[in-house]
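An overview of the molecular structure
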Number of protein chains: 4
Amino acid sequence: MARAKLTFLNDLVQAITGNERRGRSPRIADEAATRTALARPAAERLAAACDVLMGRIGDAARVAIAEQALTAYGQLDAAGRLGFFQLLRDRFGADPAAIRRAFAAYDASPTAETLVPLFETVEPARQTLLRRLNTAPGATLRLVQMRADLLQAMRKQPDLAPLDADFAHLFASWFNRGFLRIQRIDWSTPADVLEKIMRYESVHPMTGWQDLRRRLDPADRRFFAFFHPATGNEPLIFVEVALTRETPDRIAPILTAPQAAEPVEADTAVFYSINNTLAGLKGVSFGNFLIKQVVAELSAELPSLKTFVTLSPAPGFAAWLASGADPRAADLAAELDLGAWIHDAGEAARLKPEVEALAATYFTAARTRSGAPRDPVARFHLGNGAAAWRVNWPGDLSDNSIRQAHGLMINYLYEPARIEAQHESFVRDGTVATGAPLRAVLER
Amino acid sequence: MARAKLTFLNDLVQAITGNERRGRSPRIADEAATRTALARPAAERLAAACDVLMGRIGDAARVAIAEQALTAYGQLDAAGRLGFFQLLRDRFGADPAAIRRAFAAYDASPTAETLVPLFETVEPARQTLLRRLNTAPGATLRLVQMRADLLQAMRKQPDLAPLDADFAHLFASWFNRGFLRIQRIDWSTPADVLEKIMRYESVHPMTGWQDLRRRLDPADRRFFAFFHPATGNEPLIFVEVALTRETPDRIAPILTAPQAAEPVEADTAVFYSINNTLAGLKGVSFGNFLIKQVVAELSAELPSLKTFVTLSPAPGFAAWLASGADPRAADLAAELDLGAWIHDAGEAARLKPEVEALAATYFTAARTRSGAPRDPVARFHLGNGAAAWRVNWPGDLSDNSIRQAHGLMINYLYEPARIEAQHESFVRDGTVATGAPLRAVLER
Amino acid sequence: MARAKLTFLNDLVQAITGNERRGRSPRIADEAATRTALARPAAERLAAACDVLMGRIGDAARVAIAEQALTAYGQLDAAGRLGFFQLLRDRFGADPAAIRRAFAAYDASPTAETLVPLFETVEPARQTLLRRLNTAPGATLRLVQMRADLLQAMRKQPDLAPLDADFAHLFASWFNRGFLRIQRIDWSTPADVLEKIMRYESVHPMTGWQDLRRRLDPADRRFFAFFHPATGNEPLIFVEVALTRETPDRIAPILTAPQAAEPVEADTAVFYSINNTLAGLKGVSFGNFLIKQVVAELSAELPSLKTFVTLSPAPGFAAWLASGADPRAADLAAELDLGAWIHDAGEAARLKPEVEALAATYFTAARTRSGAPRDPVARFHLGNGAAAWRVNWPGDLSDNSIRQAHGLMINYLYEPARIEAQHESFVRDGTVATGAPLRAVLER
Amino acid sequence: MARAKLTFLNDLVQAITGNERRGRSPRIADEAATRTALARPAAERLAAACDVLMGRIGDAARVAIAEQALTAYGQLDAAGRLGFFQLLRDRFGADPAAIRRAFAAYDASPTAETLVPLFETVEPARQTLLRRLNTAPGATLRLVQMRADLLQAMRKQPDLAPLDADFAHLFASWFNRGFLRIQRIDWSTPADVLEKIMRYESVHPMTGWQDLRRRLDPADRRFFAFFHPATGNEPLIFVEVALTRETPDRIAPILTAPQAAEPVEADTAVFYSINNTLAGLKGVSFGNFLIKQVVAELSAELPSLKTFVTLSPAPGFAAWLASGADPRAADLAAELDLGAWIHDAGEAARLKPEVEALAATYFTAARTRSGAPRDPVARFHLGNGAAAWRVNWPGDLSDNSIRQAHGLMINYLYEPARIEAQHESFVRDGTVATGAPLRAVLER
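Remember, predicted model here, so these are calculated numbers, not experimental data. (Residues numbered from 1 in each chain as written. Chains lettered and ligands numbered in written order. Predicted model: local features only at pLDDT ≥ 70, side-chain atom pairs only at ≥ 80, totals over all residues. Heavy atoms only, no water.)

1. Looking at the overall build of chain A
Check the secondary structure of chain A and you find 22 helices and eight strands. Referenced to the eigenvectors of the C-alpha coordinate spread, the extents of chain A come out at roughly 85 × 55 × 45 Å. Residues classed as buried in chain A amount to 53% of the 444 residues present. Long-range pairs, those at least 24 residues apart, make up 72% of the contacts in chain A with a sequence separation of at least 6. (Helix = DSSP H or I, 4+ residues; strand = E, 2+ residues; numbered from the N terminus. Buried < 20%, exposed > 50% of the residue type's maximum accessible area, 1.4 Å probe, protein only. Contact = heavy atoms within 4.5 Å.)

Quick look at the structure:
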């Protein structure tokens, strides 16, 4: 590193750490140094701060440097961010020579002892860097946002994937289930949290505060969310629940005309919307834990609940139908596209058996190239050990549902005594557990 | 894995996951399975649960298995724990063949892309296992205790060190500064937390609740601790502070006769006891962050504070003196061992210059083989960027201090404007920053 | 009391107290008794419960009876409530014979000793009854609502005033300043509280959540409210504050185009809306305490604030002008009613001196029959010791303000050093403290 | 009031209110005035402040004056307090002429309307004064302490009773059940609250923190307390509960050798110590509410609990025995005084029938002059509707119990279904409800 750069770094550290002490005026000299350092372009400040963080600075001083680095990052535009990601990937990787030495030792004697230094040399330096950035106040949420930016950038620059692997690795560790806390969301929840809930609801979008209250406040409704201590009032995932007397087959009554039935009379809990919130946490799984925990919470509060079931969209149904995977599909898709069934009950009744039959096929037989169920929501719930219980058509007349699924919905059933066996069968050989109503359609 | 074992594992999973649902009676069959599974020895249950955790079990079911594993671990004796640690090291390591393959690819083209699979194969499987164990409620504290057991076991079995490397790696990530919260400890703190504070105070042990209150409650005293969300009310480190009008040179007045001076009149904050609490967090550094944060908190609350200083023990002084490293040391040690100075002020006055001279040498020149200061407390504070400000003799007449340090104490000065430069000099070439009083002794 | 009634009362007590134990099924016999008792009309149940509450029932059982009484009250219609108020007034008064005896003893020897029994006989029994009703969970808010109903009923039945005196007496004691806690209201306040704030804002009504957020959330805004522990999340009074660089003369910029200036740059705190919320707390004064407390809170948070001032409506100005109290008033009122000034700046400029002159007269000289300032808002602020500082015209172009005040607004200045003297002058001889701008108008 | 006095009062008000604004330096002139005013003797300042509080000072300014008054009160010695109480009684009473006028109007037409002004003139001015003192921060607890001082003073000056009537009247209103909140006390309760619990425990005094923890922390123990929002962390009353498998007959096992049985196995909750804490709240009844509430809380938490019973002292038994009220008593008392039974089981067995017989008589037949049970603890529990269930001898070998009750204890049974009927019989004609074991003794 050239002498000029060193001086700049020193100035930065001095400027940053000399002025930290709250409530004291910085000395004139410090101020000048600060101004000089902060006048540099954000990208330059960020790169310098990263170098400082990886250098022999004191642990405590790192907090201030990390803060400066994240501030500088926040001032970058898309091009600047891309440059930074490339720098992270290229400058803070691993040392091939060191890896080769460590591997040679391991290769000669592959033991637990020789694995330790190999692991240490193989871990990219940027993992350490990210951990050090995380010491700044509020850093965790900003790092999650940084990864969201990265995922965005990767659409054009897939060669940033190695950097993403580091984020994924760290986040899986930081957002471990053991660190999450579940919290009920209701009408006495702080408004800023409710506002986030509204913004993040994408399965059945909300039109505003009245809509939120209609779904949240009646005695037969429940919302639950996971929070992480380091990301404060940011919900990481949330689920919306309606308590009913039977398993619903349409979403509209739930969204628009809630009956404020007493919750104690309900025997069914319907999970009708599950939303992940932070794009930057892609791949960190919360949903299965949340459903399991909510089942436990509701069972404890309302022992009369017997059935835990979803009312879920089928976002891949229209595309599958259009793909012509099934010989009957083309004709049906054409009829459905006409849309007469939407307003004509007779027409809907006429099409219903055919739609149900193809829907049953879709959920039980349609597969991706890798053999997983073609429907992404199905992958989630079946992977959790739920059963595909009943197809519902027409279940959702919203534009979005008609476009993606011709209005089709489905219930997945969570039966605690069967979850584990169904999960295992699904993982072992892809077996889709089905409910009696769905089987009846298949056997027609 | 033999068929019998598989069946047992299945029973275990069934037994465990089938009975989880709160508030429901397990069915008879489940009960029998549970009893059978739970009747196995703890070591066997633990090993089986670890296998299940690494298998294709659903994420959510892992919580219950992890809980069972930790319970079984808690039932092991020392021999059982040793066996488990060896199993962790040997069964949940890495796959040499996979590593060789991944290395070959990396070696051919050492890029960020080829590093990713190499990192994944090199990371020992037990890191994943520990992360999965951590999903159980309250698991984090139990894993910290598990590592404390491991460190204990390593005294006789140093070949467990590779396993310890994994704990250290994970804990450094989980106990990141960004996840800690500082909290003031006072007389309105919950009693169970105060009890832990009492138990963990080892620098100047407390004799009971009255003693605690005497140190904690007066207007010129402050305690601060770091907590982690996942370990609840367990203080991870805490510092005891006295607010004074000048830098104290003896510990007794602070411990036994606190003047309840108004804190606003104080200009000096004395950090007179810093305690790490959990042996299992060895190597995870909190102390520097805590001191920095407490300086910030106190500065904000009491702007009149000008000086932040410790009153610290010198635990290696007696041993160094006895080692004959300095030609004057043998004679002095002999005289100090006589103990006349303890009760005879004249004798103390006579010895004082010599003790101070050797103490000054000890703190500035005595080194370990690796070149670090010989005194462990000095290593901590100098490494944080503090200066060795003044030696105090006699400073502490407790048995412990007389045995370890002939009663010697020292003040380390934390001067915010100099901390970073002093830290850097210390790290670069081992320079020990000194205060005017210490320099005066050196120059005598 | 007839035998039949006694039996009914006994049934009621038995039914109520026998079934209280949570989590137990009532015995069959109890259920029948309960059903019989609860089948009586609400008015009858309420009257019976009041009798029971005043009888020799155990203290603890009173909680359940009070609960039943308040439930029955909640089922009454307006006529039923009127009947209940009359019953309260007539059946739970005082005993004339006992009063005469106690007075005779006092009259013979008017000492502190003889005053005690006189006070006890003179206190209406309904005060005891209200205190006993208040033992039920959540009772306080329901009693406040009961008084709101009473005030409503008194419009037609002024002879209920004696009952109102008891409510007023008790509420003054229960809602003592010492029991209130101030709380800042912001965007992280629970949504149900914010919803109440929106509903209760009547000075400058809000149009919805976006409007609320615009007023509440920017860095240069503050809301504060008083709460009482027994009425939970119900704000009793709240004030809306804008932090500015000078004293504003129009409300529109504050309501519609908030500049998110940094609060630290502000030197002026503008109290632009103060709302009492619960009609049932009429006559219990909170506003003066709240303003004083908010001045203290803001001064502590933002030492740069120098000026504490209101921007207030003048709700009686139009009526006073129309009353012809001033010879110039009739012509001016006629011109203002034409409304040309609203959209024609030249016209407004032409009328401005005359409006200001009459406004100045209105605030300083217009009096009610009892000699108080004619403007109700003026009575509040001047009574608190504020000064009428400056008249602002046109200050508010809302329909409401144009109707009540031809768009006139006024600033009242709270100058801590003068508040007490100005309050005293105002109370002693009605002196209205004025500010320099207002005096300049008067002296034109 | 003389002119000089008026000036002093003005100075006081100016001094006090001019300096309130936080964070501002008082002007020089204010400082001098403050010093002059504060240099007056406390009694003089207190009397002046009371006059100011009753004068035409602004509501908000009262907070500061009330604060000064309470501070001055705190500086008085016993003589000063006595003087202040007399001043309160004599200067802040009622106006005989006004009372006579109001009575004349009432006497002429004794209606609800004429009662209102009579009530207002009869209420002593000091009630208003106390309400105004209560506006200061933390005033409520200080007023409770003031009444404790008053009760102390009344031992020598019974003519202060009228003042006490005002305190009693206000406290009954302020400490209404509806304002109290119950809270469980356990080992995670703040230490300052636990310290108060230890200090206030007088039935079975605690020897320190270990003793507290032994009673509080095991899984089969519960403490509950009432708190009031205005007295913060001060427990007003608390009860200590042991969960057992049967009704205990001796206190020692409960106090010294707690079995940490699982609470779920218990079928009996034993209330073995109930303590009121603040002497100044004499006559404000909490105990019955607390027991009722604790029964509800425990029933909800542990549905297996069937029996709610006390293990209570009999503090008047020895005195009653010594009083010779029963012909057999003198001989028995003499034998008991010998104390041989304490260490000689045979001797205890010999005396047991006779002690039990007299104890049964004591609880069921011994009465005060006014007809109430002679034992004060019996009056409390029987008045709550409990039954005298079983006498236990020897039940408590502590010095205190031997001195007051020759070691006798008793269980009172709270049977929810019978509480109300037993309460009513007790209030109506003094009927003492008894349990089968006690009746067996009576019928021997």
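2. Section: the interface of chain D and chain B
With eleven residues of chain D at the interface, the matching set in chain B holds eleven residues. The contact between chain D and chain B buries some 920 Å² in all, and 56% of this surface belongs to carbon and sulfur atoms. The tally of links between chain D and chain B comes to two salt bridges. Between the two partners, chain D and chain B, sit eight residue pairs in polar contact (both at pLDDT 80 or more). Sorting the residues of the side of chain D that touches chain B by element identifies α11 (191–200) and α12 (209–216) of chain D as the ones contributing at least two each. If you tally residues by element for the side of chain D that touches chain B, the top one is α11 of chain D, at four residues. (Buried area = accessible area lost by both parts, 1.4 Å probe. Salt bridge = Lys/Arg side-chain N within 4 Å of Asp/Glu carboxyl O. Polar contact = N/O pair within 3.5 Å; in protein donor to acceptor, adjacent residues only side chain to side chain.)

3. Looking at the pairing of strand β5 (residues 307–310) of chain A
All names here are of chain A. Sheet topology places strand β4 (residues 268–276) next to β5; four bridges connect them, and they run parallel. Bridge pairing in β5 places Ala-269 opposite Phe-308. In this fold, β4 hands off to helix α14 (residues 287–301), which returns the chain to β5; that crossover is right-handed. Strand direction decides the pairing type here: β5 and strand β8 (residues 409–414), joined by two bridges, are antiparallel. Across the sheet, residue Val-309 finds its bridge partner in β8, namely Leu-413. (Pairing = 2+ DSSP bridges. Right-handed = clockwise from strand over helix to strand, strands pointing away.)

4. Regarding empty space enclosed by the protein
One pass over the structure, following the stated rule, counts six cavities of 30 Å³ or more. Class assignment for the residues of the lining of the largest cavity results in two nonpolar, five polar and three charged. (1 Å grid on protein atoms, 1.4 Å probe; cavity = no way out; pocket = protein on both sides within 12 Å on 5 of 7 lines; lining within 4 Å. Points joined across faces, edges and corners; volume = space filled by probe spheres on them. Nonpolar A, V, L, I, M, F, W, Y, C, P; charged D, E, K, R; others polar.)

5. Notes on the nonpolar core
One recurring pattern in soluble globular proteins: nonpolar side chains tend to sit buried together. The biggest cluster of nonpolar side chains holds 250 residues, and the ones touching the most others in it are Phe-171, Leu-212 and Phe-317 of chain A together with Phe-171, Leu-212 and Phe-317 of chain C. With residues near it in sequence (within four places) discarded, Phe-317 of chain A still touches Val-355, Leu-358, Ala-359, Tyr-362, Asp-375, Gln-404, Ala-405, His-406 and Leu-408 of chain A. In this structure, Phe-84, Phe-171 and Leu-305 of chain B together with Leu-53 of chain D belong to the second largest nonpolar core, which totals 249 residues. (Core = buried A, V, L, I, M, F, W, Y, C linked by side-chain atoms within 4.5 Å.)

6. Some points on unusual backbone geometry
Residue and element names in this part refer to chain A. Following Trp-393, the chain continues into Pro-394 via a peptide bond in cis, with omega recorded as -10°. Of note, Pro-394 is situated in the loop between β7 (387–392) and α20 (399–405). The phi torsion at His-406 lies on the positive side, around 50°, for a residue other than glycine. His-406 gets classed as buried once you look at its relative accessible area, which sits at 6%.

7. Observations regarding the UniProt feature "domain: Malonyl-CoA decarboxylase N-terminal" (unreviewed entry) in chain A
UniProt records the feature "domain: Malonyl-CoA decarboxylase N-terminal" (unreviewed entry) for residues 92–175 of chain A in the present numbering. In residues 92–175 of chain A, helix accounts for 75% and strand for 0%; the two terminal C-alpha atoms are 23 Å from one another. (UniProt positions renumbered as here; feature names shortened; annotations may be inferred.)

8. A closer look at the packing of aromatic side chains
Tallied over the full model, the rule gives 69 aromatic pairs over all chains. Considering the side-chain rings of Phe-179 of chain A and Trp-174 of chain B, the 5.8 Å spacing of their centres and the 85° angle between planes classify their relative orientation as edge-to-face. Residue Phe-179 of chain A is located in the loop between α10 (161–174) and β1 (181–185), and its partner Trp-174 of chain B is located in helix α10 (residues 161–174); the two belong to separate chains. The residues Phe-179 of chain A and Trp-174 of chain B share a single accessibility class, namely buried. Each ring, one from Phe-363 of chain A and one from Tyr-412 of chain A, has its centre 6.4 Å from the other, and the planes form 90°; the classification is edge-to-face. With a gap of 49 residues between them, Phe-363 of chain A in helix α18 (residues 345–365) and Tyr-412 of chain A in strand β8 connect regions that are remote in the sequence. The same class applies to Phe-363 of chain A as to Tyr-412 of chain A, namely buried. The lysine or arginine in question, Arg-199 of chain B, covers the ring of Tyr-200 of chain B, its NZ or CZ lying 5.7 Å from the ring centre. (Phe/Tyr/Trp six-rings, centres within 6.5 Å; stacked < 30°, edge-to-face > 60°. Lys NZ or Arg CZ within 6 Å of the ring centre and 35° of its normal.)

9. Details of the relation of the copies chain A and chain B
What relates the pair of chain copies is a rotation about an axis plus a shift along that axis. Expressed as a screw operation, the relation of chain A to chain B combines 0.0 Å of axial shift with a rotation of 180°, fitting to an RMSD of 0.1 Å. Those values place the two copies in the arrangement expected of a two-fold rotation axis. Taken as a fraction of all interface residues of chain A, those also at the interface in chain B reach 100%, which identifies the copy contact as same-surface. (Least-squares fit on C-alpha atoms with pLDDT ≥ 70 in both.)

10. Describing the arrangement of the chains
Note that chain B does not reach chain C: the shortest distance linking a C-alpha of one to a C-alpha of the other is 13 Å. Regarding chain A and chain D, the two do not touch, and the least distance separating their C-alpha atoms is 13 Å.

11. Description of helix α19 (residues 376–383) of chain C
Residue and element names in this part refer to chain C. Buried within α19 we find Val-377, Ala-378, His-381, Leu-382 and Gly-383. Regarding α19, its N-cap is Asp-375, as a side-chain oxygen of that residue lies 3.2 Å from the backbone nitrogen of Val-377 further along. Positive phi shows up at Gly-385, right after α19, with a value of about 100°.

12. Overview of the interface of chain A and chain B
In this assembly, 75 residues from chain A lie in contact with 76 residues from chain B. With both sides pooled, the region where chain A packs onto chain B buries about 6,400 Å², and carbon together with sulfur makes up 60% of that total. There are two salt bridges connecting chain A and chain B. A salt bridge links Arg-100 of chain A to Asp-107 of chain B; the shortest N-O distance between them is 2.5 Å.

13. Quick word on helix α11 (residues 191–200) of chain C
Counting buried residues along α11 of chain C, nine of its ten residues qualify, which places the element largely inside the surrounding structure. All of the buried residues along α11 of chain C are Ala-191, Asp-192, Val-193, Leu-194, Glu-195, Lys-196, Ile-197, Met-198 and Tyr-200 of chain C.

14. Section: the relation of the copies chain D and chain B
For the pair chain D and chain B, the relating rotation is 180°, the translation along its axis is 0.2 Å, and the fit reaches an RMSD of 0.1 Å. Of the interface residues in chain D, 100% have counterparts in chain B that sit at the interface too, so the contact is made through matching surfaces.

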